[in-house]
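Summary of the model geometry
Chain residues, written in single-letter form:
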Amino acid sequence: MVLVSIKKKKTSILKKFINRNQTTAHTAIQSSSSASLPLSFEKQMHHQGSIYCIDWSSKGKLLATGSNDKLIKIIVTSDLSSKEVLEMQIAGHKGTVRTLLFDPQDEHTLLSGGTVDNNIMLWDTEEGKQKSLLVNGHNDDIHSIKPCVDSKHNELIASCSKDGNVCIWDFNRNNKPIRVINTNERGYGCVNDITFTS
């Protein structure tokens with residue numbers, strides 16, 4: 001199942017495109033879903049709820065998942081072929097964990113956000129303990145946290161929320177946003193995802 005969020009203004013354009021290209025789109029979906037990729041790792045009942053987000057550490061040694069069971073789980077991925085896989089469980093969110101981001105400079109720091117808390121939490125992935133909070137940026141569910149890919153500003157991250165705010169953070173220096181962009185003022189509202197561009 002694929003879900004698409006579209007503003008009402010654009011719906012008629014999308015419907016025209018789908019109606020005009022219905023056979024082609026349907027065929028593309030069928031052919032892509034029949035492709036088979038080798039399975040490297042599978043774990044049943046990893047969470048007690050649905051998994052909402054996943055992120056790999058920059059060196060590829062850690063894999064983190066967030067769920068509506070309010071937990072973050074971190075798997076050590078150095079040897080996924082082993083029957084014994086090391087796993088750490090982190091509890092601290094009051095609601096669904098919607099977004100995760102390993103610090104691109106330090107795989108021992110994981111950032112997370114979600115529903116209810118309205119703050120970004122920083123976790124120590126070696127100890128499983130909270131390091132700090134990024135506060136005063138959002139007053140509703142946090143939907144996404146993304147890194148800046150520009151090497152000159154690699155300490156910056158952005159977050160977005162149901163409250164319509166996009167926040168820019170320098171989380172290594174300050175626990176408050178260095179800039180808040182309120183999309184409600186521009187007539188938009190809830191922001192589901194963001195990305196930096198170079």
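Predicted model only: the values in this text are computed from it and were never measured.

This part covers the sheet that holds strand E9 (residues 142-147). With antiparallel pairing, four strands are arranged side by side in an open sheet as E9-E10-E11-E12. Where the open sheet ends on each side, the last strands, each with one partner, are E9 and strand E12 (179-182). The average angle at which neighbouring strand axes cross in this sheet is 15°, direction not considered. The sheet contact formed by strand E11 (residues 165-170) and E12 spans four bridges and is antiparallel.

Attention shifts here to the sheet that holds strand E7 (residues 120-124). Hydrogen bonding along the main chain pairs the strands of a sheet, whether they run parallel or antiparallel. Strand order in the open sheet formed by four strands is E5-E6-E7-E8, and the pairing between neighbours is antiparallel. Looking at the sheet topology across the chains shown, the edges are occupied by strand E5 (97-103) and strand E8 (129-134). Across the sheet, the axes of successive neighbouring strands diverge by a mean angle of 25°, strand direction being ignored. Where E5 lies against strand E6 (residues 106-114), six bridges are found, and the strand directions are antiparallel. Within E6, the residue paired with Phe102 across the bridge is Leu110.

Generally speaking, a soluble globular protein has its nonpolar side chains buried in company with each other. Counting residues in hydrophobic clusters, the biggest one holds twelve residues: Cys53, Leu62, Ala64, Ile72, Ile74, Ile90, Val97, Leu100, Phe102, Leu110, Met121 and Trp123. If you list the elements that add at least two residues to this core, you get strand E2 (62-67), strand E3 (71-76), E5 and E7. The element best represented in this core is E5, accounting for three residues. Other than its neighbours up to four places away in sequence, Leu110 contacts Ala64, Ile72, Ile74, Leu100, Leu101, Phe102, Met121, Leu122, Trp123 and Thr125. In this structure, Leu101, Ile120, Leu122 and Trp169 belong to the second largest nonpolar core, which totals eleven residues.

For the structure on display, the rule yields zero disulfides. Looking at the unpaired Cys167, the closest cysteine sulfur is the one in Cys160, lying at 9.3 Å. Classification of Cys167 as buried rests on a relative accessible area of 0%.

What counts, and at which threshold
Throughout, residues of each chain are indexed from 1 in the direction in which the sequence is written. Local features in this predicted model are restricted to residues of pLDDT 70 or higher, and side-chain atom pairs are both shown and tallied only at a pLDDT of 80 or more, whereas totals for entire chains, interfaces and linings draw on every residue. With hydrogens and water excluded, all non-hydrogen atoms of the structure serve as input to the side-chain values. In this analysis, strands are considered paired if DSSP registers two or more bridges between them. The helix count covers DSSP runs of H or I at least four residues long, the strand count covers runs of E at least two residues long, and both are numbered beginning at the N terminus. What counts as an axis is a line fitted to C-alpha atoms, over the stretch in contact for a helix, and the angles between N-to-C directions run from 0 to 180 degrees. Nine residue types can take part in a nonpolar core, namely buried Ala, Val, Leu, Ile, Met, Phe, Trp, Tyr and Cys, and a core is a set of them joined through side-chain atoms within 4.5 Å. Only protein chains enter the accessibility calculation, which uses a 1.4 Å probe. A residue is then buried if its area is under 20% of the maximum for its type, exposed if over 50%, and partly exposed in between. What makes two residues a contact is simply this: any of their non-hydrogen atoms within 4.5 Å. Put simply, a disulfide is two cysteine sulfurs that come within 2.5 Å.

Note that all results are geometric; they support no functional claim without further evidence.
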